Amino acid sequence: MPTANKKPIALLGGTFDPVHNGHLRVAWEAAEALDAEVRLMPAHEPPHRPAPIAGARARVRMLELALRGQSRLTLDTRELDRAGASYTVDTLRGLRAEIGNDRALILLVGADAFGGLPTWREWHALFDLAHIAMLTRPGRTEPWSSELDAEAAPRRADSPRELRDSPHGKVLSLPVTPLDISASAVRALLAAGREPRWLIPGALLADPSLLAAYRNAKV
Ligand code: ATP
C-alpha cells in the first residue's frame, strides 16, 4: 500500500471571499498539528449561502498571492473546475478516485460549520470518505444536534496520530489559535471605505483592483 505512507491530505473548503489571516493561520496550524498537506479549496457556488462578491478568478488570484513564499499550504481549484454547486461529498469522491483508499484524507471544518453538518448532502457518507477535524473558533460554537452527536461521538479521536493511522472515519477536535477574523467583517470594512490591514495578507492590499468589488459592494 504505497499511498498509506504519504502525508495526509487535509482540505479547508470555503468561499475565501476574500481569504483572510484567520483562514491562513488555522490552515497552517492544522498542517503542523496533523503533519498534513493542507489544501485550500475555494468553492464555486457554495450550496449553503449567497453567491460570493468576488468572482472565482479573483478569489483564486488572492489565494495565490496569500500562499506565496511557503509550500505547506497549497491551492486546490477542483471545485471551481466543476460546473454547478460544489457538494463536499462529490469533491471527496473525486479526490478519493485520484489518491486511492489508503491515504488519510481530512476535512477541516470550523466548529460553527461542524454543527451544520447534518444539512450537507449525503452527510453520513462523508465519514466513509474522510476524517473530520473540527477547528475550534472563538465564540462561534453552536450546540450539536443529537443526530450529529450519534454519528460523531463513536468516532472521536484523541490525537492526530489516530487520523494518520487510518484513511477516514474519525472525528478530531483540533484547537487552533483564536483569530476572530471573518470574511464578512473584512468585506464590511472594505465597503465602509476602511482598510483591513493585518486582517488579510498585505499582498492583497498592494493591488487595489483585487479588492475593488468589495469596496463597491453594498452590505
Ligand atoms: P464569512 O464571514 O463570509 O462567512 P468566513 O470568514 O467564515 O466567511 P469561509 O470562506 O466561509 O470564511 O471559511 C472557510 C472555512 O474556514 C470554514 O470552515 C470556516 O469555519 C473557517 N474559518 C474562517 N475563518 C476562520 C477563523 N478566523 N478561525 C478559524 N476558522 C475559520
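Higher on the page you've got the structure.
Thresholds, definitions, all that
Residue numbers here run from 1 along each chain, matching the order of that chain's written sequence. Reporting of local features is limited, given that this is a predicted model, to residues whose pLDDT is at least 70; pairs of side-chain atoms are given and counted only at 80 or more, and all residues count toward the totals for whole chains, interfaces and linings. Values shown for side chains rest on all heavy atoms present in the structure; no hydrogens or waters enter the calculation. Two aromatic rings, drawn from Phe, Tyr or Trp (for Trp, its six-membered ring), form a pair once their centres lie within 6.5 Å of each other, and the interplanar angle then sorts them: stacked below 30 degrees, edge-to-face above 60, tilted otherwise. Numbering of helices and strands runs from the N terminus; a helix is a DSSP stretch of H or I covering at least four residues, while a strand is a stretch of E covering at least two. Only protein chains enter the accessibility calculation, which uses a 1.4 Å probe; a residue whose area is less than 20% of its type maximum is buried, one above 50% is exposed, and one in between is partly exposed. Placement of a positive charge over a ring is assigned whenever Lys NZ or Arg CZ falls within 6 Å of the ring centre and within 35 degrees of the normal to the ring plane. We call a residue near a molecule or strand when any one of its heavy atoms sits within 4 Å of it. In protein, a polar contact requires one atom able to donate a hydrogen and another able to accept it; more generally it is a pair of N or O atoms within 3.5 Å, and residues adjacent in sequence count only if both atoms are side-chain atoms. Values of accessible area rely on a 1.4 Å probe in the Shrake-Rupley scheme; residue burial ignores everything except the protein chains shown. Throughout, the ten residues Ala, Val, Leu, Ile, Met, Phe, Trp, Tyr, Cys and Pro are labelled nonpolar, Asp, Glu, Lys and Arg are labelled charged, and all others, Gly among them, are labelled polar.

1. Considerations on the packing of aromatic side chains
Logical step 1: One pass over the structure, following the stated rule, counts two aromatic pairs.
Logical step 2: Judged by centre distance (4.8 Å) and plane angle (55°), the rings of F114 and W144 are tilted. Placement of the pair is F114 in helix α5 (residues 111-115) and W144 in the loop between β5 (131-135) and α7 (146-152), with a sequence separation of 30 residues.
Logical step 3: Overall, F114 belongs to the buried group, its relative accessible area being 0%.
Logical step 4: Arranged with centres 6.2 Å apart and planes meeting at 70°, the rings of W123 and F127 form a pair that is edge-to-face. With W123 and F127 both in helix α6 (residues 123-129), this residue pair falls four residues apart, about one helical turn. Accessibility classification places W123 together with F127 in one group, the buried group.
Logical step 5: Its guanidinium or amino end placed over the ring of W28, R72 lies 5.9 Å from that ring's centre, counting from NZ or CZ.
Logical step 6: Above the face of the W198 ring, R197 is positioned so that its terminal group lies 5.8 Å from the ring centre.

2. A word on the site of the ligand
Logical step 1: Around the ligand sit 19 residues, and of these H20, R49, L179, A183 and S184 come closest.
Logical step 2: Here an oxygen atom of the ligand and a backbone polar atom of G110 are 3.3 Å apart.
Logical step 3: In isolation the ligand exposes 600 Å². Once the protein is present, 91% of that is buried.
Logical step 4: For the shell around the ligand, the class distribution of residues is six nonpolar, nine polar and four charged.

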